Amino acid sequence: LAGLPVPETVEGLSFTALLAGGTPSPLTRAAWGTIFDDSQSYVVDGEWKLIRWNSPGVRTGNALYHLPSDPRETYDYAREHPAVTARLATSLQAWHETVDSGRPWKYWLSA
């Protein structure tokens, strides 16, 4: 708004359209991470969140959540949306293979 250049290291979305009375741009980024000492890993991409459970003997496999209609993540949509589940599972696996540092509580954002 001030006409200043935005440094390349700054992450975020512009609220210019929203401030002018319009609608904000849709979120076009994905985020990956792990929690609970790597017992779970996840990817959030748009409206969908996939959690991969990594605890043999406790819980394994994937769960898919539709965040706009189920923000508390109570219903697993994986069987109803196998293509979304497969796409996000592939994305999560690729993240694990290329970015994952092996430390708990990590995340990664992508433009």
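Residues numbered from 1 in each chain as written. Predicted model: local features only at pLDDT ≥ 70, side-chain atom pairs only at ≥ 80, totals over all residues. Heavy atoms only, no water.

Considering the overall build of the protein chain
No. 1: The helix and strand tally for the protein chain stands at 2 helices and 5 strands.
No. 2: Along the protein chain, helices and strands appear, N-terminal first, in the series α-β-β-β-β-α-β.
No. 3: Counting over 111 residues, the protein chain shows a buried share of 30%.
No. 4: Intrachain contacts of the protein chain at a sequence separation of at least 6 include 39% that bridge at least 24 residues. (Helix = DSSP H or I, 4+ residues; strand = E, 2+ residues; numbered from the N terminus. Buried < 20%, exposed > 50% of the residue type's maximum accessible area, 1.4 Å probe, protein only. Contact = heavy atoms within 4.5 Å.)

A look at helix 2 (residues 82–98)
Since the α-helix packs 3.6 residues into each turn, any two residues three or four apart lie on the same face.
No. 1: Helix length check: helix 2, at 17 residues, gives a terminal C-alpha distance of 24 Å against a target of 24 Å (1.5 Å per residue), a fit within 8%.
No. 2: For helix 2, the full list of buried residues reads Val84, Thr85, Leu88, Leu92, Trp95 and His96. The arc enclosing the buried residues of helix 2, seen along the axis, measures out at 100°, which places them on a common side. Pointing more than 90 degrees away from the buried face of helix 2 are the exposed residues Pro82, Ala83, Thr90, Glu97 and Thr98. (Expected span 1.5 Å × (residues − 1). Arc of directions from axis to C-beta.)

A short note on the nonpolar core
No. 1: The biggest cluster of nonpolar side chains holds 10 residues, and these are Val43, Trp48, Leu50, Leu64, Tyr77, Ala78, Val84, Leu88, Leu92 and Trp95.
No. 2: Contributions of two or more residues to this core are made by strand 3 (48–55) and helix 2.
No. 3: Ranked by residue count, the leading element in this core is helix 2, at 4 residues.
No. 4: Not counting residues within four places of it along the chain, the set of residues in contact with Tyr77 comprises Trp48, Leu64, Tyr65, His66, Ser69 and Asp70.
No. 5: If you look at the next biggest cluster of nonpolar residues, it comprises 6 residues, including Tyr42, Trp53, Ala63 and Tyr65. (Core = buried A, V, L, I, M, F, W, Y, C linked by side-chain atoms within 4.5 Å.)

Describing the pattern of salt bridges
No. 1: Inspection of every chain in the model, using the stated rule, returns 2 salt bridges.
No. 2: Among the salt bridges present, the one from Arg87 reaches Asp45, with a minimum N-O distance of 3.0 Å. With Arg87 in helix 2 and Asp45 in strand 2 (residues 40–45), this pair connects stretches of sequence that are 42 residues apart.
No. 3: You can call Arg87 partly exposed: its relative accessible area is 42%.
No. 4: Ionic pairing is found between Glu73 and Lys49, a salt bridge with its closest N-O pair at 3.0 Å. On the criterion of sequence distance, the pair formed by Glu73 in the loop between strand 4 (59–66) and helix 2 and Lys49 in strand 3 is long-range, its members being 24 residues apart.
No. 5: Note on Lys49: relative accessible area 16%, which makes it buried. (Salt bridge = Lys/Arg side-chain N within 4 Å of Asp/Glu carboxyl O.)

Points about the pairing of strand 3
The side chains of a regular strand alternate, first on one face of the sheet and then on the other.
No. 1: Judged by how many residues are buried, strand 3 sits mostly within the fold: 7 of 8 residues are covered.
No. 2: Once strand 2 ends, the chain turns through 2 residues before running back antiparallel as strand 3, passing Gly46 with a positive phi of about 65°.
No. 3: Direction of pairing for strand 3 relative to strand 4: antiparallel, over a ladder of 8 bridges. The residue bridging Asn54 from the neighbouring strand is Thr60, located in strand 4.
No. 4: Hairpin connection of strand 3 to strand 4: 3 residues between the antiparallel strands, including Gly57 at a positive phi of 90°. (Pairing = 2+ DSSP bridges.)

Functional significance is not addressed by these values, which are geometric in nature.
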